[in-house]
4 protein chains.
Amino acid sequence: MGVRDNNEASWTQIVDILEFMSDATSIPILMDGDTGYGNFNNVIRLIKKLEQRGIAGVCLEDKLFPKTNSFSNGSRQQLASIDEFSNKIKAAKDTQKDENFVVIARVESFIAGFGLAEALERAEAYRKAGADAVLIHSKKSDSSEIDEFAKEWANRHPLVIVPTKYYKVSTQWFRNKGISLVIWANHILRSSISSMQSTANELYKSESLLNIEDNVASINEVFRLQRNEELESLEKLYLPD
Amino acid sequence: MGVRDNNEASWTQIVDILEFMSDATSIPILMDGDTGYGNFNNVIRLIKKLEQRGIAGVCLEDKLFPKTNSFSNGSRQQLASIDEFSNKIKAAKDTQKDENFVVIARVESFIAGFGLAEALERAEAYRKAGADAVLIHSKKSDSSEIDEFAKEWANRHPLVIVPTKYYKVSTQWFRNKGISLVIWANHILRSSISSMQSTANELYKSESLLNIEDNVASINEVFRLQRNEELESLEKLYLPD
Amino acid sequence: MGVRDNNEASWTQIVDILEFMSDATSIPILMDGDTGYGNFNNVIRLIKKLEQRGIAGVCLEDKLFPKTNSFSNGSRQQLASIDEFSNKIKAAKDTQKDENFVVIARVESFIAGFGLAEALERAEAYRKAGADAVLIHSKKSDSSEIDEFAKEWANRHPLVIVPTKYYKVSTQWFRNKGISLVIWANHILRSSISSMQSTANELYKSESLLNIEDNVASINEVFRLQRNEELESLEKLYLPD
Amino acid sequence: MGVRDNNEASWTQIVDILEFMSDATSIPILMDGDTGYGNFNNVIRLIKKLEQRGIAGVCLEDKLFPKTNSFSNGSRQQLASIDEFSNKIKAAKDTQKDENFVVIARVESFIAGFGLAEALERAEAYRKAGADAVLIHSKKSDSSEIDEFAKEWANRHPLVIVPTKYYKVSTQWFRNKGISLVIWANHILRSSISSMQSTANELYKSESLLNIEDNVASINEVFRLQRNEELESLEKLYLPD
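Residues numbered from 1 in each chain as written. Chains lettered and ligands numbered in written order. Predicted model: local features only at pLDDT ≥ 70, side-chain atom pairs only at ≥ 80, totals over all residues. Heavy atoms only, no water.

(A) Geometry of the interface of chain D and chain B. Residue-level contacts link 15 residues of chain D with 15 residues of chain B. Counting the surface lost from both chain D and chain B, the interface buries some 1200 Å², and carbon and sulfur atoms represent 42% of this. Counting the contacts that link chain D with chain B gives 3 residue pairs in polar contact (both at pLDDT 80 or more). Contributions of two or more residues to the side of chain D that touches chain B are made by helix H1 (5–8), helix H2 (11–24) and helix H3 (40–52) of chain D. When grouped by side-chain class, the residues that make up the side of chain D that touches chain B number 4 nonpolar, 9 polar and 2 charged. (Contact = heavy atoms within 4.5 Å. Buried area = accessible area lost by both parts, 1.4 Å probe. Polar contact = N/O pair within 3.5 Å; in protein donor to acceptor, adjacent residues only side chain to side chain. Helix = DSSP H or I, 4+ residues; strand = E, 2+ residues; numbered from the N terminus. Nonpolar A, V, L, I, M, F, W, Y, C, P; charged D, E, K, R; others polar.)

Below, the structure written as structure tokens:
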């Protein structure tokens with residue numbers, strides 16, 4: 001979610017979790033890198049550490065550190081200066097060694113209450129600074145801000161969206177507008193929450209596994225995800241009888 | 001699950017995760033402490049670190065380090081000597097400063113193919129060494145081993161079970177046998193796995209959030225779990241206008 | 001030193017090192033906590049983590065995050081607003097559970113080029129916010145700024161200094177001025193650097209340990225620092241023959 | 001030292017420290033990897049993590065986990081089976097991706113009280129398993145065991161020694177015997193200990209920096225080691241005026 005997570009875990013604690021994820025899968029992982037956890041220098045160190053862990057890319061947003069959640073009402077939403085954030089993007093791109101590593105610049109202009117002109121100016125500055133793609137964020141429940149932006153942007157560089165609030169708009173609609181990438185940012189996590197809550201409730205009420213065992217992943221599925229078979233092959237190879 | 005986790009994460013990486021859990025809840029947390037990650041000296045350090053993080057207790061098992069999963073077929077299951085493991089339990093109990101911290105001794109005799117006599121001898125030795133409870137483990141799909149053990153044990157000390165394989169036996173049955181605590185060890189995790197897999201599949205197939213949004217925890221529920229309200233109160237208190 | 005350390009290690013990595021230190025000694029440890037690594041909320045989490053690790057106190061300074069070193073020429077030195085920093089101090093004091101935990105407010109006014117009036121105004125605000133002591137910092141090679149400040153401060157609250165630049169002034173002088181605590185902040189570290197460099201040079205040149213063995217701590221001294229004797233007692237207690 | 005360090009820090013905590021070292025220098029770093037912190041599977045993970053952090057190699061020793069220090073009197077010194085340890089070496093070599101990564105097999109036969117024949121058998125087995133070099137360890141105060149071993153070994157594979165106890169023997173002597181690498185394992189650390197103790201004593205007694213300032217590394221030297229100049233160049237590049 002990125003919700004206040006900067007206030008809880010340190011950036012290296014997040015990198016530690018990413019490392020476990022990266023070790024467990026070959027699917028490319030894009031990190032929500034918040035504001036970069038400080039200035040350009042913190043961004044440089046972040047990029048080095050992400051590349052070492054095999055992370056595929058990072059999304060940086062143009063807010064001030066420490067940031068608040070984009071959907072949080074109570075808090076003020078302050079933006080970084082265009083120059084400062086552009087230099088963060090430049091520092092990130094200058095630092096990466098793997099040419100496939102991706103840096104996405106997230107434009108928070110709409111979130112902070114600014115209009116289309118500001119959003120476009122920022123997006124263009126970040127594109128020039130070297131961003132591989134621009135993420136345009138909106139907290140409206142329709143896609144009007146995204147549509148407007150995409151129209152003016154006119155496919156000049158890859159465009160990314162996170163339709164958490166405007167989830168009712170179809171993916172085909174966004175394809176037609178020229179969006180390159182849709183991030184369904186938190187639904188996997190949110191489905192795990194509701195499922196864990198419901199299993200815990202059932203256990204609490206029924207004190208029985210009878211209604212649970214067949215509705216959850218089997219032990220063998222857990223073993224498969226942990227690559228137990230691979231380990232058993234290795235045991236045959238490296239453990240003397 | 002405790003499945004080969006000792007082969008993946010180091011014990012301090014597990015403690016780091018426990019610390020996040022402990023910071024997020026007031027529910028007592030019992031750690032599956034494996035074999036204690038080495039000898040008595042590693043156990044001593046583990047106990048200190050768990051108490052610092054507010055963990056309520058640890059369960060240690062009488063296997064050799066590095067251990068394999070109790071339900072794994074391919075691997076040999078070697079047990080620690082009774083003396084050595086009893087001294088680990090003693091070291092743990094001598095180390096704790098909080099009198100409420102709990103050390104449970106997990107008896108793996110049935111898992112390793114030994115019979116009732118061995119299980120009882122070990123349980124009694126661990127009880128005498130100071131264990132607050134004994135966990136008797138079985139991988140049979142019925143509760144015959146547990147029933148036998150409980151009968152002979154005759155309520156002489158708290159008894160704990162993990163009915164992963166014999167999940168069809170009712171909790172009331174175990175109450176009648178004198179079991180003090182039932183650990184449903186992995187069903188919350190396993191429910192999150194199946195739920196995340198199914199949500200990912202739905203996203204992949206439908207490319208739409210329409211069938212998902214109402215079936216997962218809401219964003220506000222995520223905010224609630226992150227104690228956003230508390231943070232907003234604190235912002236009013238500590239952030240000048 | 002605190003030199004750009006905020007740009008290198010994350011705050012939790014620093015806490016990890018502090019934990020090793022705390023486990024190795026009963027001497028109270030005061031952390032140089034920089035600006036608190038973010039806003040009041042980061043400070044709250046920092047205090048909780050320090051108390052868990054048995055750290056005796058923290059010194060927070062009224063710069064903006066990410067900060068630069070106080071003795072660094074090239075960089076601008078920006079100060080936090082008095083209100084914002086006072087609220088950080090207040091948040092820290094409200095958070096601590098151990099009444100002996102100490103929060104020191106470091107006033108960077110002189111470093112940032114402001115005069116005595118600004119320094120006094122800030123020190124007084126931080127005192128009122130609950131700071132247990134005020135650290136007044138200066139990068140002059142004489143103690144004139146410290147002397148001026150101490151005179152006006154007139155013993156109204158404990159005063160701390162770090163005489164790195166004005167090292168020629170005697171400790172007795174500061175006693176007479178009413179200074180409560182002198183921090184010799186980096187000389188132990190700096191002595192280890194020169195000593196390690198010189199030993200490495202000697203090894204490189206002479207390819208021999210003959211001139212080294214008697215000039216370095218003995219292996220037995222290392223064992224003593226590692227409390228080997230304690231471990232050997234524990235081995236007798238917990239390792240069966 | 002490797003003294004009981006396995007009992008204190010977890011292997012990932014050691015890797016964390018190595019990462020800081022690796023980030024600070026271009027000098028190749030050889031890790032004292034103890035027994036590999038478990039079985040072949042723990043070794044595999046260790047090698048992956050070391051390569052990610054840019055560590056140049058690891059030395060593994062043929063003791064049982066958890067090990068005790070080679071110079072410790074009180075403790076029993078148990079050796080791993082030749083087969084099991086050879087398979088650890090093989091697993092390490094099969095795992096590395098960088099062909100320059102080095103795995104050194106440390107033979108503890110002399111330390112454990114076995115003779116030349118056992119040492120040679122083990123060394124040969126580890127060489128065949130793929131070790132890039134063999135480290136032959138001795139706790140005698142003369143080099144008789146090393147000399148004997150080197151003579152029989154007859155340059156068949158790179159040979160490494162750690163002359164902590166037989167420090168009086170000249171490096172030229174070992175060159176003549178065909179030793180490829182001498183590890184002065186702990187003298188840099190031990191010199192830092194004596195120097196820090198002496199500086200602390202001086203501070204305690206004199207309460208003055210006058211006798212210290214000129215005998216320790218200067219602040220500018222600390223800045224140089226922290227590559228402050230590089231950071232200042234980067235600030236010019238990435239921080240807008």
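After presenting the structure, the write-up continues.
(B) Quick peek at helix H5 (residues 116–129) of chain C. All names here are of chain C. Counted at 1.5 Å a residue, the expected span for H5 with its 14 residues is 20 Å, and the 20 Å between its end C-alpha atoms agrees. Residues of H5 that are buried include every one of Ala 119, Leu 120, Arg 122, Ala 123, Glu 124, Ala 125, Tyr 126 and Ala 129, and no others. Once H5 ends, the next one or two residues include Gly 130, with phi positive near 120°. (Expected span 1.5 Å × (residues − 1). Buried < 20%, exposed > 50% of the residue type's maximum accessible area, 1.4 Å probe, protein only.)

(C) Seen up close, the confidence of the model for chain A. All names here are of chain A. On average, residues of chain A score 92 in pLDDT, and 92% of them reach the 70 mark or higher. This model gives residues 1–7 a pLDDT under 50, and the stretch forms 32 contacts once residues within four places in sequence are excluded. Prediction confidence for the complex, expressed as pTM and ipTM, is 0.94 and 0.92 respectively. (pLDDT = per-residue confidence, 0-100.)

(D) Fine view of the relation of the copies chain D and chain B. Superposing chain D onto chain B requires a rotation of 180° together with a translation of 0.0 Å along the rotation axis, leaving an RMSD of 0.0 Å. Taken together, the rotation and translation describe the operation of a two-fold axis. When each C-alpha of chain D is compared by its distance to the rotation axis, Ser 10 of chain D comes out closest, at 3.3 Å. The share of interface residues of chain D whose copies in chain B are also at the interface is 100%, consistent with both copies meeting through the same surface. (Least-squares fit on C-alpha atoms with pLDDT ≥ 70 in both.)

(E) Up close: the interface of chain C and chain D. Chain C puts 60 residues into the contact, and the matching count from chain D is 59 residues. Roughly 5000 Å² of surface becomes buried between chain C and chain D when both sides are summed, with 64% attributable to carbon and sulfur atoms. The tally of links from chain C across to chain D stands at 4 salt bridges. With a closest N to O distance of 3.0 Å, Arg 175 of chain D and Glu 207 of chain C form a salt bridge. For the interface between chain C and chain D, the tally reads 14 residue pairs in polar contact (both at pLDDT 80 or more). At the level of elements, helix H2 (11–24), helix H7 (171–177), helix H8 (187–206), helix H9 (219–225) and helix H10 (228–238) of chain C are the ones that each hand at least two residues to the side of chain C that touches chain D. Tallied by class, residues from the side of chain C that touches chain D come to 26 nonpolar, 22 polar and 12 charged. (Salt bridge = Lys/Arg side-chain N within 4 Å of Asp/Glu carboxyl O.)

(F) The arrangement of unusual backbone geometry in detail. For Glu 207 of chain B, which is not glycine, the phi dihedral falls at a positive 50°. Looking at the element boundaries, Glu 207 of chain B is found in the loop between helix H8 (187–206) and helix H9 (219–225).

(G) Structural context of the pattern of salt bridges. Per the counting criterion, the structure on display carries 76 salt bridges over all chains. Note that Asp 132 of chain C is salt-bridged to Lys 93 of chain C, the shortest N-O span being 2.6 Å. Placement of the pair is Asp 132 of chain C in the loop between H5 and strand E4 (133–136) and Lys 93 of chain C in helix H4 (residues 82–95), with a sequence separation of 39 residues. The exposure class of Asp 132 of chain C is partly exposed, given its relative accessible area of 28%. According to the relative accessible area criterion, Lys 93 of chain C is buried, its value standing at 19%. Shared partners join several salt bridges into a network, and the residues in it are Glu 19, Asp 23, Arg 45, Lys 49 and Arg 53 of chain A together with Glu 19, Asp 23, Arg 45, Lys 49 and Arg 53 of chain D.

(H) Highlighting the pairing of strand E2 (residues 57–61) of chain A. All names here are of chain A. Counting buried positions along E2 gives 5 out of 5 residues, so the element sits mostly inside the fold. Neither face of E2 is left uncovered, since the one carrying Gly 57, Cys 59 and Glu 61 and the one carrying Val 58 and Leu 60 both have all their residues buried. Here strand E1 (residues 30–32) runs beside E2; their pairing, made up of 3 bridges, is parallel. Pairing of Leu 30 across the sheet is with Gly 57, part of E2. As a crossover connection, the stretch from E1 through helix H3 (residues 40–52) into E2 is right-handed. The pairing of E2 with strand E3 (residues 102–107) spans 5 bridges and is parallel. (Pairing = 2+ DSSP bridges. Right-handed = clockwise from strand over helix to strand, strands pointing away.)

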